[in-house]
Amino acid sequence: HQRIVLASRPSGAPNAENFRLESSNKPVASDGQVLLRTIYLSLDPYMRGRMSDAESYAEPVAVNDIMVGGTVCQVEESRHPDFEVGEWVLAYTGWQNYALSDGEGLLKLGKAPAAPSYALGVLGMPGFTAYMGLLDIGQPKAGETLVVAAATGPVGATVGQIGKLKGCRVIGIAGGAEKCRHAKEVLGFDECLDHKAEDFAEQLARVCDQGIDIYFENVGGKVFDAVLPLLNTSARIPVCGLVSQYNATELPAGPDRLPLLMNTILVKRIKMQGFIIFDDYGHRYEEFANEMADWVSQGKIQYKEQLVEGLEQAPQAFIGLLEGKNFGKLVIKVAEP
Ligand code: NDP
């Protein structure tokens, strides 16, 4: 039994020393329990928040505790009446290859799901985030211009594709030419710009010649600075994430742009709303799950996953996620099914 714990809290970007791989005996199920064998572990930007003890919407991971995370597991041993050996479940058992569960919170995925890992991405938490944030807060209408960054990640890619289904003109923002090409050629975005380009702000102004009606906020920082002057009257901004700031140790250097932001919100009547997906929309999961399953099976929504083999690779892969080294939904393949 292997597990990765939080060894120390990072200051700035996490490094390998903040994690520790531990080994112990394989756990054994007692009455009423199942033994879960992790096949896939999801790595997500929110985990950076859990590594920190700064105040947040969720409790931090304690130092020396296992890193949290969504997993797709198979039941290896069952002493629970509702679960059979071999069944697949979506769980939240964290960075480890085995875990015990009393069944609570497990979502059954069946005996032979076609693509079990999708439950960690487009058919799970990130897809749900894209769906509710865009449709409920973004309120997309045909002909509007939608801008989304982290455009090839599981949230951004899904936001842009739903935007296209709703008739929007979709402008993606991503790190590098390869990701931008993918956003246009595979995901069907109208444009995709590299935020690392010297003249990124000018490029964005040029492609958003009708202004921006919806900015789905995934990253913050320089991307938001470039978006702000382009917002149209009555624009909507679902504030989903600020990944460019997750490793920051202090506020960015001036000038202070808050008065400009407040003035824009007032004069342009901007609606900006943050959301935490399961806290705010948990009751609408089924609606999402049904519609997204249809879209994916009909080929209306494409999904790219990056599988990294081996639990011991999770720290490096996670560190890379916060720097844009991933290409698609980052998943650790912990074991063979
Ligand atoms: P991604 O797989 O898209 O990974 C994060 C991406 O952010 C990187 O690949 C990188 O893409 C981009 N990025 C990193 N640093 C910067 C930077 N300085 N400037 C611009 N882009 C940067 O992640 P997800 O799709 O899983 O998550 C996207 C966002 O959604 C995150 O902010 C996450 O925290 C948030 N989220 C919020 C939820 C909620 O309930 N509110 C739930 C789930 C996710 P690139 O190389 O293209 O720049």
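What you see is a predicted model, and the numbers here were worked out from it, not measured in a lab.

Chemist: How would you summarise the domain arrangement of the protein if you had to cite specific residues and measurements?
Modeler: Interfaces are often sized by the accessible area lost when the parts come together. Domain parsing of the protein yields domain 1 (2–121 + 304–333) and domain 2 (125–278). One C-alpha centre belongs to domain 1, the other to domain 2; they are set 29 Å apart. Summed over both partners, the interface of domain 1 with domain 2 comes to about 1300 Å²; 64% of that surface belongs to carbon and sulfur atoms. Seen at the junction of domain 1 and domain 2, the total is zero salt bridges. On the surface where domain 1 and domain 2 come into contact, there are four residue pairs in polar contact (both at pLDDT 80 or more). Taken together, the residues that form the side of domain 1 that touches domain 2 break down as nine nonpolar, six polar and four charged.

Chemist: Quick rundown of the site of the ligand? Include the residues and the values.
Modeler: Near the ligand there are 26 residues, and of these Lys179, His195, Tyr246, Phe275 and Asn326 occur at the shortest range. Measuring from an oxygen atom of the ligand, one finds a side-chain N or O atom of His195 at 2.6 Å. One nitrogen or oxygen atom from the main chain of Phe275 is found 2.8 Å from a nitrogen atom belonging to the ligand. For the ligand, whose accessible area on its own is 920 Å², the fraction buried by protein is 90%. Going through the elements one at a time, α2 (125–138) and α3 (154–165) are the ones with two or more residues in the shell around the ligand. Taken together, the residues that form the shell around the ligand break down as 16 nonpolar, nine polar and one charged. Two domains each provide a minimum of three residues to the shell around the ligand, namely domain 1 (2–121 + 304–333) and domain 2 (125–278).

Chemist: Got a sec to walk through the nonpolar core? Specific residues and values, please.
Modeler: Ranked by size, the top nonpolar core spans 46 residues in total, and within it Leu43, Trp95, Leu204, Tyr215, Leu231 and Phe318 carry the most contacts. Of all the elements, helix α10 (residues 314–321) adds the most residues to this core, at five residues. Counting only domains with at least three residues in this core, you end up with domain 1 (2–121 + 304–333) and domain 2 (125–278). Filtering out sequence-adjacent residues up to four positions away, Leu204 remains in contact with Ile171, Ile173, Leu193, Ala226, Val227 and Leu230.

Chemist: Explain the sheet that holds strand β8 (residues 145–149) residue by residue, including any values.
Modeler: The strand order β10-β9-β8-β11-β12-β13 describes an open sheet built from six strands, whose pairing is parallel. Every other strand in the sheet has two partners, leaving β10 (191–194) and β13 (271–274) as the edge strands with one partner each. With strand direction ignored, the average angle separating the axes of adjacent strands in the sheet is 15 degrees. Running over the sheet, α2 touches β8, β11 (212–216), β12 (231–239) and β13 and is turned about 145 degrees from β11.

Chemist: I'd like a rundown of helix α4 (residues 177–185), residues and numbers included.
Modeler: Within α4, the full set of buried residues consists of Lys179, Cys180, His182 and Ala183. Buried residues of α4 fall within an arc of 160 degrees about the axis and therefore sit on the same side. Residues of α4 that are exposed and point over 90 degrees away from its buried face: Ala177, Glu178 and Glu185. Looking at the buried positions of α4, the neighbouring elements they touch are β9 (169–174) and β10.

What counts and what doesn't
Residues numbered from 1 in each chain as written. Predicted model: local features only at pLDDT ≥ 70, side-chain atom pairs only at ≥ 80, totals over all residues. Heavy atoms only, no water. Domains from an automatic or database assignment. Buried area = accessible area lost by both parts, 1.4 Å probe. Salt bridge = Lys/Arg side-chain N within 4 Å of Asp/Glu carboxyl O. Polar contact = N/O pair within 3.5 Å; in protein donor to acceptor, adjacent residues only side chain to side chain. Nonpolar A, V, L, I, M, F, W, Y, C, P; charged D, E, K, R; others polar. Near = heavy atom within 4 Å. Areas by Shrake-Rupley, 256 points an atom, 1.4 Å probe, with all protein chains shown as cover. Helix = DSSP H or I, 4+ residues; strand = E, 2+ residues; numbered from the N terminus. Core = buried A, V, L, I, M, F, W, Y, C linked by side-chain atoms within 4.5 Å. Buried < 20%, exposed > 50% of the residue type's maximum accessible area, 1.4 Å probe, protein only. Contact = heavy atoms within 4.5 Å. Pairing = 2+ DSSP bridges. Axes fitted to C-alpha atoms, helices over the stretch in contact; angles between N-to-C directions. Arc of directions from axis to C-beta.

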